[in-house]
Amino acid sequence: MGRLNQRERTVSYYNHAPDEARGYSVYSISKRMKYMLIAGEASGDLHASNVIKSLREIDRDADIRFFGGDLMAKEARRNPDLHYDMMNVMGFSEVLRKLPQIFRNLRRAKKLLREFRPDALVLVDYPGFNLKLARYAHKLGIPVHYFISPKVWAWKEYRVKAIKKYVDRLYSILPFEVGFYKKHGYNVTYVGNPSVQEIAYSMGHIPPKRHFLERQGIDDPRPIIALLPGSRKGEIRNNLPLMIAAAKRFKDFQYVIGGAPAIPEKFYREVAQDPGLKVVFGCTPTLLKYSQAAAVTSGTATLETALIGTPQVVCYRANGVKLSYKIMEKLLKVKYVSLPNLIVGNSIVPELLVHNCTVTSIARELSPLLQSSPRRDWQISGYKAMQRKLGNSVASEYVAELIADSLGVTPPSGADNPAAAPQRPRAPRRRRKPSPKPSDISRNPDSTE
């Protein structure tokens with residue numbers, strides 16, 4: 001016999017309840033669904049908080065426990081069982097140093113799973129930790145939902161076996177992942193990419209260019225080259241000096257750095273050794289919108305730059321020489337490393353990696369992007385193709401709907417007794433708030449005033 005959905009369980013209980021229980025509303029005696037979410041870093045906290053918000057709109061009586069941050073706490077209306085500040089580690093040496101803490105966190109998560117017994121475990125990215133927890137949840141018979149796939153298509157492909165065995169439903173934010181997993185005999189659902197809505201929102205709320213420049217104290221009238229050297233200190237040390245030296249070769253342009261929120265301005269100045277350095281914080285989308293071109297360290301920022309429509313050169317200078325590059329080529333399972341190229345399946349933005357990332361190569365690739373040219377037109381055309389592939393689905397809403405569907409939970413009808421009320425037809429899942437047309441975001445950024 002199949003699993004009863006929430007409404008069926010409610011009606012069954014109501015029909016067999018003692019007389020004194022039958023006077024209560026059907027909704028009041030229905031089983032509260034339990035959800036447990038795990039996010040181990042700031043980006044996961046953001047994405048998971050949006051899933052919680054959407055889940056509460058569908059299941060307003062949801063009982064939620066989680067490992068995560070302040071954004072999740074706001075939507076769940078409770079403090080995290082463990083804050084991601086105690087979980088977030090980066091780099092091989094830091095992982096080794098914090099192994100005891102990592103194991104303590106895992107034990108704590110397993111204990112919560114045993115005691116809370118959620119109807120759904122929702123894991124968000126953070127694969128090193130979350131795949132171990134998925135295995136334990138599977139052992140307990142708890143359904144596992146995974147939002148934002150581990151990048152197994154790039155490295156650690158062996159993890160696919162664990163995903164197939166322990167993850168009941170995987171929700172992807174990159175359209176090409178569907179085909180990758182299909183080759184492995186595993187069906188995943190592409191739910192849309194969160195950056196599409198985030199950038200669309202930012203573009204709908206940017207100030208006029210003149211106001212932006214005034215607020216940032218930029219009185220230089222020359223057009224801007226945006227420099228995004230990464231979000232970690234090591235990346236910034238390796239990439240920023242090269243980016244600055246390349247930008248200085250274009251005397252008719254100024255360069256402005258988009259600062260990462262966790263990195264103090266003092267650090268950028270120490271690395272750059274440039275008295276006139278301009279660094280802006282909390283407004284990177286606006287900076288990119290009003291820049292003629294950008295040099296961007298590989299990562300999510302390359303996708304955001306493409307969504308805004310600013311031509312870019314992807315840079316990733318790391319400690320190492322040609323040997324390091326050859327090793328990286330062997331380890332990586334993909335032809336490209338930047339998200340725009342991966343999504344389109346073609347080289348639409350230049351990628352300068354390891355020893356190929358030099359002052360000369362950055363300047364060479366930037367030059368045609370700073371003026372009307374076939375190279376600039378090619379990128380903008382590629383951005384439009386990328387947007388078509390990404391679509392307009394609101395990822396967090398779609399994920400929440402799929403999780404709720406799997407549990408037989410339906411949205412309230414708006415009546416005081418939603419579980420007993422007639423069910424309304426559900427809107428198509430992919431009908432979402434429209435994002436800006438590609439033509440709107442891919443025009444010459446400096447033409448907007």
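Above: the structure in question.
The structure reproduced in this document is the subject of the present report. (Residues numbered from 1 in each chain as written. Predicted model: local features only at pLDDT ≥ 70, side-chain atom pairs only at ≥ 80, totals over all residues. Heavy atoms only, no water.)

### Points about the sheet that holds strand β13 (residues 351–353)
Spelled out, the test is: Here the rule is simple: two strands pair whenever DSSP picks up at least two bridges between them. Helix and strand definitions here come from DSSP, where helices need a minimum of 4 consecutive H or I residues and strands a minimum of 2 consecutive E residues; each element is numbered from the N-terminal end. Axis geometry follows a simple rule: fit a line to the C-alpha atoms, using only the stretch in contact for helices, then measure angles between N-to-C directions, giving values from 0 to 180 degrees.
On the basis of which strands lie adjacent, the open sheet formed by six strands has the order β10-β9-β8-β11-β12-β13 and parallel pairing. The open sheet has two edge strands with one neighbour each: β10 (279–281) and β13. On average, each strand axis in the sheet is tilted by 25 degrees relative to the strand beside it, whichever way the strands run. Bridge count between strand β12 (residues 312–316) and β13: three bridges; the pairing is parallel. Within β13, the residue paired with Tyr316 across the bridge is Leu353.

### Digging into the sheet that holds strand β5 (residues 144–147)
The parallel open sheet is built from seven strands, whose spatial order is β3-β2-β1-β4-β5-β6-β7. The sheet terminates laterally at β3 (82–83) and β7 (189–190), the two strands that pair on one side only. Pairing of β5 with strand β6 (residues 169–172), which is carried by three bridges, proceeds in the parallel orientation. Residue pairing in the sheet places His145 in a bridge with Arg169 of β6.

### Concerning helix α14 (residues 300–308)
Rule in force here: With a 1.4 Å probe rolled over the protein chains alone, any residue whose accessible area is under 20% of its type maximum counts as buried; one over 50% counts as exposed, and the rest are partly exposed.
Among all positions of α14, only Thr302, Leu303, Thr305, Ala306, Leu307 and Ile308 are buried. Positive backbone phi, approximately 100 degrees, marks Gly309, located one or two places after α14.

### Things to note about the packing of aromatic side chains
Quick reminder of the rule: Pairing of aromatic side chains here covers Phe, Tyr and the six-membered ring of Trp, requires ring centres within 6.5 Å, and sorts the geometry by plane angle: under 30 degrees stacked, over 60 edge-to-face, intermediate tilted. Only lysine NZ and arginine CZ atoms are considered, and such an atom sits over a ring when it is within 6 Å of the ring centre and within 35 degrees of the ring normal.
Evaluation of the coordinates by the stated rule reveals six aromatic pairs. A centroid spacing of 6.0 Å and a plane angle of 40 degrees characterise the contact between Phe212 and Tyr290, whose relative ring orientation is tilted. Of this pair, Phe212 sits in helix α10 (residues 209–215) while Tyr290 sits in the loop between α13 (284–289) and β11 (291–297); the two residues are 78 residues apart in sequence, bridging distant segments of the chain. Tyr290 shares its class with Phe212; the two are buried. The structure contains a cluster of three or more aromatic residues connected by ring pairs, namely Phe180, Tyr181 and Tyr186. Above the plane of the ring of Phe267 lies Lys233, whose end atom (NZ or CZ) is 5.2 Å from the centre.

### A look at the nonpolar core
As a reminder of what qualifies: We define the nonpolar core as a collection of buried residues of types Ala, Val, Leu, Ile, Met, Phe, Trp, Tyr and Cys that are connected through side-chain atoms lying within 4.5 Å of one another. Contacts are assigned to residue pairs with any non-hydrogen atoms lying within 4.5 Å of each other.
Counting 100 residues, the largest nonpolar core has Tyr35, Leu37, Leu121 and Phe147 as the members making the most contacts within it. With eight residues, helix α19 (residues 395–407) is the single largest residue contributor to this core. Each residue touching Leu37, except ones within four places of it in the same chain, is listed here: Ala48, Val51, Ile52, Ile64, Arg65, Phe66, Phe67, Met72 and Val122. Counting residues in each nonpolar core, the second largest holds 33 residues, with Ile225, Leu240, Leu242 and Leu277 among its members.

### Points about the side chain of Asp59
Definition in use: Positive charges come from Lys and Arg, negative ones from Asp and Glu, while His and the chain ends are left out of the count. For this analysis, a salt bridge means a side-chain nitrogen from Lys or Arg found within 4 Å of a carboxyl oxygen belonging to Asp or Glu.
Locating Asp59 in the fold gives a position in the loop between α2 (42–58) and β2 (63–68). Arg32 is the oppositely charged side chain nearest to the buried, salt-bridge-free Asp59, at an N-O distance of 7.3 Å. When neighbours within four sequence positions are excluded, Asp59 is seen to be in contact with Met33, Tyr35 and Val409.

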